[in-house]
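Given next are the chains, with one letter for each unit.
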Amino acid sequence: MRTPLIPMLLALALAAPIAGRADPLPAAAKAEVTALLGRLQASSCEFNRNGDWHSASDAKRHLERKLAYLEDKQLVKTAEQFIELGASKSSMSGKPYLVRCAGASPVESKAWLMRELAAVRAAAKGASAPPSTR
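In every chain, residue numbers begin from 1 and rise along the written sequence. Local features in this predicted model are restricted to residues of pLDDT 70 or higher, and side-chain atom pairs are both shown and tallied only at a pLDDT of 80 or more, whereas totals for entire chains, interfaces and linings draw on every residue. Side-chain figures throughout are based on the complete set of non-hydrogen atoms in the structure, without hydrogens or water.

J.: Tell me what's going on with a nonpolar patch on the surface, and back it up with residues and numbers.
T.: On the surface, a cluster of nonpolar side chains totalling about 300 Å² of accessible area is made up of Tyr69, Leu75 and Leu85. Where helices and strands are cited, they refer to DSSP runs of H or I of at least four residues and of E of at least two residues respectively, numbered from the N terminus. Structurally, the position occupied by Leu75 is in the loop between α3 (56-72) and α4 (79-86). Within this analysis, patches are made of residues with over 30% relative accessible area and no salt bridge. Like charges are joined at 9 Å or less; nonpolar side chains (Val, Leu, Ile, Met, Phe, Trp, Tyr) at 5 Å or less. Surface accessibility follows the Shrake-Rupley procedure with a 1.4 Å probe radius. Residue values consider only the protein chains on display as shielding. Every case where a carboxyl oxygen of Asp or Glu lies within 4 Å of a side-chain nitrogen of Lys or Arg is listed as a salt bridge.

J.: Could you give me a rundown of the packing of aromatic side chains, with the residues and numbers involved?
T.: The pairing test for Phe, Tyr and Trp rings, Trp by its six-membered ring, is centres within 6.5 Å, and the orientation test on the planes gives stacked under 30 degrees, edge-to-face over 60, and tilted for anything in between. For the structure shown, the criterion picks out 1 aromatic pair. Here Phe47 and Tyr97 contribute two aromatic rings whose centre-to-centre distance is 5.1 Å and whose plane-to-plane angle is 55 degrees, an arrangement assigned as tilted. With Phe47 in strand β1 (residues 46-49) and Tyr97 in the loop between α4 and β3 (98-100), this residue pair connects regions lying 50 residues apart in the sequence. Only protein chains enter the area calculation, which uses a 1.4 Å probe; residues under 20% of their type maximum are buried, those over 50% are exposed, and those in between are partly exposed. You can call Tyr97 buried: its relative accessible area is 2%. The criterion for a charge sitting over a ring is simple: Lys NZ or Arg CZ within 6 Å of the ring centre, and within 35 degrees of the ring normal. Positioned above the aromatic ring of Trp53, the side-chain terminus of Arg100 is 3.9 Å from the ring centre.

J.: Provide a residue-level description of the packing of helix α2 (residues 27-43) against α4, including the pertinent values.
T.: Every axis in this analysis is a line fitted to C-alpha atoms, fitted for helices over the stretch in contact. Angles between the N-to-C directions lie between 0 and 180 degrees. It is at 8 Å that the axes of α2 and α4 come closest, and there the two elements cross at 55 degrees. Classified by the interaxial angle, the pair formed by α2 and α4 is oblique. Within the contact between the two elements, α2 uses Ala29, Glu32, Val33, Leu36 and Leu37 and α4 uses Ala79, Phe82 and Ile83. For the contact of α2 with α4, the per-class residue count stands at 7 nonpolar, no polar and 1 charged. Each angle gets one of four labels, with under 35 degrees taken as roughly parallel, over 145 as roughly antiparallel, 65 to 115 as roughly perpendicular, and the rest as oblique. Two residues form a contact once any of their heavy atoms are found within 4.5 Å. Note on residue classes: Ala, Val, Leu, Ile, Met, Phe, Trp, Tyr, Cys and Pro are nonpolar, Asp, Glu, Lys and Arg are charged, and everything else, Gly too, is polar.

J.: Tell me about the nonpolar core, and name the residues and values.
T.: One finds Leu63, Phe82 and Trp112 to be the most contacted residues of the largest nonpolar core, which totals 23 residues. Mapped by element, the contributors of at least two residues to this core are α2, α3, α4 and α5 (109-124). The element contributing the most residues to this core is α2, with 5 residues. Beyond its immediate chain neighbours, meaning those up to four positions away, Phe82 contacts Val33, Leu37, Leu63, Leu67, Leu70, Val76 and Ala87. Throughout, nonpolar core names a set of buried Ala, Val, Leu, Ile, Met, Phe, Trp, Tyr and Cys residues whose side chains join them through atoms within 4.5 Å.

J.: So what about the side chain of Ser43? Which residues, and what values?
T.: On the secondary structure map, Ser43 appears in helix α2. A polar atom in the side chain of Ser43 sits 3.0 Å from the backbone nitrogen of Cys45. N or O atoms within 3.5 Å of each other form a polar contact, as long as, within protein, one can give a hydrogen and the other can take it, and as long as residues adjacent in sequence are counted only when both atoms are side-chain atoms.

J.: Tell me about α4, and please be specific about residues and values.
T.: For α4, the set of buried residues is Ala79, Phe82, Ile83 and Gly86. Projection of α4 onto a plane perpendicular to its axis shows the buried side chains occupying an angular sector of 110 degrees, all on one side. Residues of α4 that are buried sit in contact with α2, α3 and α5. Throughout, the arc means the angular range of directions from the helix axis out to the C-beta atoms.

J.: An account of the pattern of salt bridges is requested, with residue identities and associated values reported.
T.: Enumeration according to the criterion identifies 8 salt bridges in this entry. As a salt-bridge pair, Glu80 and Arg121 come within 2.6 Å of each other at their nearest N and O atoms. Of this pair, Glu80 sits in helix α4 while Arg121 sits in helix α5, and the two are 41 residues apart along the sequence. Given the relative accessible area of 29%, Glu80 is considered partly exposed. One salt-bridge network, held together by shared partners, links Glu32, Glu80 and Arg121.

Set out below in structure tokens:
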């Protein structure tokens, strides 16, 4: 008696782990990213994408779309991964994003966001810090 090939292959495919797929963004990391983007919006800083300056509110909306894409593809597990993969540079041009606050010199968004992430984590431990304006 022959075993049907298709049901056996289907069972093996369902039992095998999916290579290259990460777990969805955990709730704690999602909360950090949400707080981080809230701090960006509250900062009143400007955000540069591909040579054009945008408001902090526009930047937040843009980064939320990139986060949704990365989550849909299950490519991020931490706030740091979101910063690295979605909030540091243009996925189209490869140019780094910049943040400029209160007339200060622009800094790469990765550095600014990592500083703000540290402040988000400090606030979660009880030491509240306002958004950076530098």
